[in-house]
Number of protein chains: 2
Amino acid sequence: MTNNKKEVSPQAVVYVRLKEGVLDPQGVTIHKALQQMGYNEFISVRTGRFFELEVDSDSDNYDKRLDEVCSKLLANPVIESYRVEKL
Amino acid sequence: MTNNKKEVSPQAVVYVRLKEGVLDPQGVTIHKALQQMGYNEFISVRTGRFFELEVDSDSDNYDKRLDEVCSKLLANPVIESYRVEKL
């Protein structure tokens, strides 16, 4: 049950981002910081999170259960969208 | 200066994650939550952040400046690694 086992690669990565149109205060703050630091070529910044999951690949209903995990725990479907990348 | 211009796609995405061996308390917490919810097939969870950047592509030294932004603002190079994906 420990994290970070080096010998096993992540088997799925879930990318969670705010839906288009939802204000991203963290992104706005980073954008302002960039401008204050003189990086004026950056037009906008949007932030997101990702989760690298190691999964026991023998499990049944893997796709369905992974989707449940995304919508129940990793993302807030009201304001966020997610994308699953399997490795 | 506004975020989230629909007509322009992000031109670079920066993925920031904790280096191997650095404890990821958020990942551990999510992993515990998964187990409590009955999703026992998940072996570990590691978390990370990403940043979608719109950049004025005419800027000079784009690669160098983007790398500066990553190491100065978006990531903490002591404990985090980053990867830049250009779109």
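Now for a quick tour of the structure.

### Brief notes about the relation of the copies chain B and chain A
1) Next: Relative to chain A, chain B is turned by 180° and slid 0.0 Å along the rotation axis, the superposed coordinates differing by an RMSD of 0.0 Å. Taken together, the rotation and translation relating the two chain copies correspond to the operation of a two-fold axis. Among all C-alpha atoms of chain B, that of Arg49(B) lies closest to the rotation axis, at 2.1 Å.
2) Next: A shared binding surface is used by both copies, with 100% of the interface residues of chain B retained as interface residues in chain A.

### Regarding the environment of Arg49(A)
1) Next: Structurally, Arg49(A) is set in strand β2 (residues 42-55).
2) Next: Overall, the relative accessible area of 27% leaves Arg49(A) in the partly exposed class.
3) Next: Ignoring any residue separated from it by four or fewer positions in sequence, one finds Arg49(A) in contact with Val14(A), Tyr15(A), Val16(A), Leu74(A), Ala75(A), Glu80(A), Gly48(B), Arg49(B) and Phe50(B).
4) Next: At 2.9 Å, the side chain of Arg49(A) and the side chain of Glu80(A) are in polar contact.

### Some details on the interface of chain B and chain A
1) Next: At the junction of the two partners, chain B supplies 49 residues and chain A supplies 49 residues.
2) Next: Summing both partners gives a buried area of about 4400 Å² for chain B against chain A, and 58% of it is carried by carbon and sulfur.
3) Next: In this structure, the salt-bridge partner of Glu52(B) is Arg17(A), at a minimum N-O distance of 2.5 Å.
4) Next: At the junction of chain B and chain A, the tally comes to 20 residue pairs in polar contact (both at pLDDT 80 or more).
5) Next: For the side of chain B that touches chain A, the secondary structure elements donating two or more residues are β1 (12-18), α1 (25-36), β2 (42-55) and α2 (62-74) of chain B.
6) Next: A per-element tally of the side of chain B that touches chain A places β2(B) first, with 14 residues.
7) Next: By residue class, the composition of the side of chain B that touches chain A is 21 nonpolar, 13 polar and 15 charged.
8) Next: Relative to β2(B), β2(A) is paired through 13 bridges, and the arrangement is antiparallel. Counterpart to Glu54(A) in the pairing with β2(B) is Ser44(B).

Cut-offs and rules
Residues numbered from 1 in each chain as written. Chains lettered and ligands numbered in written order. Predicted model: local features only at pLDDT ≥ 70, side-chain atom pairs only at ≥ 80, totals over all residues. Heavy atoms only, no water. Least-squares fit on C-alpha atoms with pLDDT ≥ 70 in both. Contact = heavy atoms within 4.5 Å. Helix = DSSP H or I, 4+ residues; strand = E, 2+ residues; numbered from the N terminus. Buried < 20%, exposed > 50% of the residue type's maximum accessible area, 1.4 Å probe, protein only. Polar contact = N/O pair within 3.5 Å; in protein donor to acceptor, adjacent residues only side chain to side chain. Buried area = accessible area lost by both parts, 1.4 Å probe. Salt bridge = Lys/Arg side-chain N within 4 Å of Asp/Glu carboxyl O. Nonpolar A, V, L, I, M, F, W, Y, C, P; charged D, E, K, R; others polar. Pairing = 2+ DSSP bridges.

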